[in-house]
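# Observations on chain architecture
These are the residues of each chain, in order.
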Amino acid sequence: MYQRDSYDLHEEEPPFASPSRQTTLLDRVTALTIVICVIAIPAWVTITFSSSEPVSQDTYDQYLEGKGAWARATLNKLTLEQKVSQLFFPYAYGVYQSSDDPAYKRLVDLVERFEVGGVVFFQGDPFSQAQLANDLQNMSNLPLITSQDMETGAGFRLKRTTHFPSAMAFGASRNTDLAYSAGLITAREARALGVYQVFAPVADINNNADNPVINIRSYGERANLVADMVTAFTFGLQDGNVIATVKHFPGHGDTATDSHSDLPILPFTRARLDSVELVPFRAARDAGIMSVMMGHLALPELEPDTNIPATLAPAVVNSLLREEMGFKGLIVSDAMRMSGITKSFGTGESAVRAIEAGVDILVMSQDEYAARAAILRAVEEGRLTEERIDQSVMRLLTTKEWLGLNRNRLLNPSSTRQIVATNYHKMISETVARESVTLLSNQRNLLPLKQTPRRVAIVTISDSDEPERGQYFNSVFRSLATRSSVSNYLIDTRSTNDDYNKVLSRARNADLIIIPTYRPFRSGTNRIALPARIQSFMNRLVRQNKPTILVSFGSPYLVNDLTRQPNVYIAAYGESESSEKAVAQAMFGQTAIKGKLPITIPGLYQFGEGIQVPQLFAREGYPEEVGMSSASLSRVDSLINASIADQAFPGAAIAIGRPDVLVKLQGYGYYTYDSERRVAPTSKFDLASLTKVVATTTAIMQLYEQGKLKLDDKIAKFLPNFGQNGKDGLTVRHLLTHTSGMTPFRPFHQEGITTRSGIIDAIFSEELIYAPGTEMRYSDFNMIVLALLVEKISGQNFGTYTTRNIFAPLGMNDTGFRRSGVGSDQTVVPTEVDQNFRKRLVQGEVHDETAYSLGGTAGHAGLFSTAKDLSKFAFMMMNEGKHNGQAFLKEETVRLFTAAVDGSRHSRALGWDTKSPEGYSSAGQLFSTKSFGHTGFTGTSLWIDPEADLFVILLTNRVYPTRDNKKHSAVRAKLADIAYESITGENETVLPKSTN
């Protein structure tokens, strides 16, 4: 694995990694047992890239030294004009274009008639680009090197692909393992999209806060931090058999000029360049980088004429990069149509000068035909030699041969769907985002939001006119702030003074103002700050003296635009959906905040700052985050859907989790077989006997911890009337373990006893049917009495007590008892069509007749909840009683109540059941004997395995339309086994080193 270097606030920079250390880093990339095609793709799918893999185990350097036989033979067959044509890489868009579209006809002409050496893809769609790549390869006489800018993965240019956070986010994470993973994922998606050369990583050091074009594209402001990230990303790309291209040589970081609009001048001494700008490029060279992109930058120290950019300067390209640094691979120009070039030189002259300087590939010429003609004239006039042209063409052809394009240049488009934007890839992106979120200010300890404010105003600030800006963040925040009234406002370049005033007026009524700000880098604008009128509005908004959270989904420097600082400032370094999701989760304590600032924000925050906040609550995430397999876990869907088809139940909701991550939360089917209402994870189910553990046992655990009762206290001590007919010696322990000797069940409704007082009197006067402690017979009466005990001790109604002391503190806002006789509630999943007692469909009121007669609130049944709410309870129990970073229950209490009390005779714990060592168990065959759980008559179950750190919740309404259905029993066990079998034992967030 990559060693993570530490960059703390006031430390000095560590010495730069030497070439020998870089080799060690590569050797330490562990070949994990999680192979991406196994994790993210079903085993039966055969993945076929282009067969163009590297020809042999020879290194690229060995190929450059003359081992490319095909390259040599091909070079000898080409005319001078064909050779020059190979040096051009025009742009292409990977979108559908008709055959008579002018843009498509232009591209076909350049490939077929002009015979370019490659193309550079810009924006597009995965399938359209993959098909176009194949079409162009088929048209071309020689195989093409297809290139694309993928600084943040394929999502940098293509929709519906994996979009990583920005490079600066990786710098904030300080995690080179993740940089390697991102490189490898980018390579795999690139090849599946027909791309063999990636224009990344960015090696520019952003030590200038006014840089308008690099900014978050840089890993940070320290040379060694950038060098380590560049090295890791390079290894990842090239282990995935894609050419990495480090840019923008010799360094575009310390300038306030955008080379898209003008020529930046870097007035640095050679000593400064060696100690800062060149450090990451040397690291890339040592890592075996295969191509370098030149920056359109003037360096007076190396080329005195400040009108000549580095791209056209032999002293920079040939003398420094080729000769002094010993770089042997491809040298690529930045776009030849940028103002940094065109300001002083025309199309033809700039092309000739670039070749003279030592550039091999001319990217995006303004006019390929004019530029080629100029180069041919230069050869004819003796200004350039054919030998110089041959050098570049040979490097290009050798690279094509090393890629295997001479043997097969086509990809299999059917593999694209199996490789691009898989759950595993998205999981890595989200991991990067979570590790990068940087909290720089947290006044009033606003974060995390343990109690969601009642009224929240989200005021999105955008420097564009795109109406969808901020919508994803807003939706994620809303899904987490279930008890808040959230208002959304968008301020962008279209907003007027009336819009500003309206938002300010409405924001005054909010309890919390959140300001997500979108200001990414924009090439060609030559500015970094927000427009002045938007800055003014932000200052007015912050000055309203409301709790305010400012989030930068772009340049972290924008906080300098404020005259008054917000209570909370979060830097997220980019607007990928992964970053937006990570920030929302961090606000609610669902992920730890641990990013460290990779740059300095002048006058406010120093390099390395970042407030660390631990994770307090579980979050929804990918199975691979906690060592489980998505592919294996997908069998749950087949099981539940098949069970619904078999009419085991009309609908179901499940929740499966491991520490800190809810890996599956899903609803299936419908409320009834003929209903149109789908079951969701937030659908309310009648829990039946899960009430016994979730409500009653938990309440007893709390009173036990508070010293208000002891396990061997006699019930009659608190409820004297209970001591009739030999029950005076029964203890709390007897009732919890179901060894009390009381009758398991009586159909009171059939006996005409249908009032709360009548049922309680009947239970109190009940005679024992066996000697206490001699047997274990499961009885509803035990838990009914324990609930009465809770009421007596607490002085509160049982429903009130559990809501105030259990459900509300755990955030189980959709959990509670429902009063009998209030009528049907169609928002609740129905249970049975009651033909005997109530003579109607039971929906929104407790199914159990005794609990119904008790008023809907009872210790044995009556609780309603959702899979999502129950997962919060399960996480607390699995986490040994901890919730919200504190002890909700004591660790020793949880262990005491969930351990079998007499395993030789029965499986009961205190209130809970444990897994039977033999025979059928609703916990399946694989859960450990230390597992604890419970089931409910309506078709519900909850099992927790502390050894595997795993819980499984199944909620169904199997009693619809009749309780005679027993098919759910097998489903419970199979579900538990599938969940357990999905555990791979690997929870690494790093992909394996390629063995190709």
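Further up the page is the structure itself.
Structure report, in brief. (Residues numbered from 1 in each chain as written. Predicted model: local features only at pLDDT ≥ 70, side-chain atom pairs only at ≥ 80, totals over all residues. Heavy atoms only, no water.)

The next subject is the sheet that holds strand 19 (residues 685-686). Strand order in the open sheet formed by three strands is 19-23-20, with antiparallel pairing between adjacent strands. Each edge of the open sheet is held by one strand with a lone partner, namely strand 19 and strand 20 (816-817). Inspection of the sheet shows strand 20 paired to strand 23 (residues 863-865) by two bridges, in the antiparallel sense. Considered in strand 23, the bridge of F817 is made with L863. (Pairing = 2+ DSSP bridges. Helix = DSSP H or I, 4+ residues; strand = E, 2+ residues; numbered from the N terminus.)

We now examine the sheet that holds strand 12 (residues 485-491). The sheet built from six strands is open, its strands ordered 10-15-14-13-11-12 with mixed pairing. In this open sheet, the two strands that pair with only one neighbour each are strand 10 (438-442) and strand 12. Strand after strand, the sheet turns through a mean of 15° between neighbouring axes, direction not considered. Relative to strand 12, strand 11 (residues 455-462) is paired through seven bridges, and the arrangement is parallel. Counted as the bridge partner of V456 is V486 from strand 12. Packing against the sheet, helix 21 (residues 497-507) makes contact with strand 11, strand 12 and strand 13 (512-518), and its axis sits at approximately 160° to strand 12. (Axes fitted to C-alpha atoms, helices over the stretch in contact; angles between N-to-C directions. Contact = heavy atoms within 4.5 Å.)

Here the focus is helix 9 (residues 176-192). With 17 residues, helix 9 extends 24 Å from end C-alpha to end C-alpha; this agrees with the ideal 24 Å at 1.5 Å per step. For helix 9, the tally of buried residues reaches 17 of 17 residues, placing the bulk of the element in the interior. The distance from a side-chain oxygen at the start of helix 9 to the backbone nitrogen of D177 is 3.0 Å, and the residue carrying that oxygen is N175. Just beyond helix 9, the residue with positive phi is G194, at close to 85°. (Expected span 1.5 Å × (residues − 1). Buried < 20%, exposed > 50% of the residue type's maximum accessible area, 1.4 Å probe, protein only. Polar contact = N/O pair within 3.5 Å; in protein donor to acceptor, adjacent residues only side chain to side chain.)

Okay, the pairing of strand 17 (residues 651-658) next. The buried count for strand 17 comes to eight of eight residues, which makes it a mostly enclosed element. Burial of the side chains of strand 17 extends over both faces: G651, A653, A655 and G657 are buried on one face and A652, I654, I656 and R658 on the other. Of the strand pairs in this sheet, strand 17 and strand 18 (residues 661-669) are connected by eight bridges, and their pairing is antiparallel. Within strand 18, the position partnered with G651 by the bridge is G669. As consecutive antiparallel partners, strand 17 and strand 18 are separated by two residues, and within that stretch D660 has a phi angle of approximately 75°, a positive value. Relative to strand 29 (residues 950-956), strand 17 is paired through six bridges, and the arrangement is antiparallel.

The next subject is the pairing of strand 10. The element strand 10 is extensively covered by neighbouring structure, given that five of its five residues are classed as buried. In this sheet, strand 15 (residues 568-571) lies alongside strand 10 in antiparallel orientation, the contact comprising four bridges. The partner of N442 across the bridge, within strand 15, is V568.

A cluster of basic residues, R444, R508, R540, R543 and R564, forms a positive patch on the protein surface. Take R444: it is sitting in the loop between strand 10 and strand 11. Relative accessible area serves as the criterion here: at 56%, R444 is assigned to the exposed category. (Patch = residues over 30% accessible without salt bridge, like charges linked within 9 Å, V, L, I, M, F, W, Y side chains within 5 Å. Areas by Shrake-Rupley, 256 points an atom, 1.4 Å probe, with all protein chains shown as cover. Salt bridge = Lys/Arg side-chain N within 4 Å of Asp/Glu carboxyl O. Lys, Arg positive; Asp, Glu negative; His and termini not counted. Charge placed at Lys NZ, Arg CZ, Asp CG, Glu CD.)

In this section: the pattern of salt bridges. Within the structure shown, the criterion is met by 51 salt bridges. Where D511 meets R455, a salt bridge forms, and the shortest distance between an N and an O atom there is 3.3 Å. With D511 in the loop between helix 21 and strand 13 and R455 in strand 11, this residue pair connects regions lying 56 residues apart in the sequence. Of the charged contacts, one joins D637 and K664 as a salt bridge, the two residues approaching to 3.1 Å between their closest N and O atoms. Of this pair, D637 sits in helix 25 (residues 635-645) while K664 sits in strand 18; the two residues are 27 residues apart in sequence, bridging distant segments of the chain. Using a relative accessible area of 11% as the deciding quantity, one classes K664 as buried. Sharing partners across several salt bridges, the network here consists of D149, E151, R157, R217 and K247.

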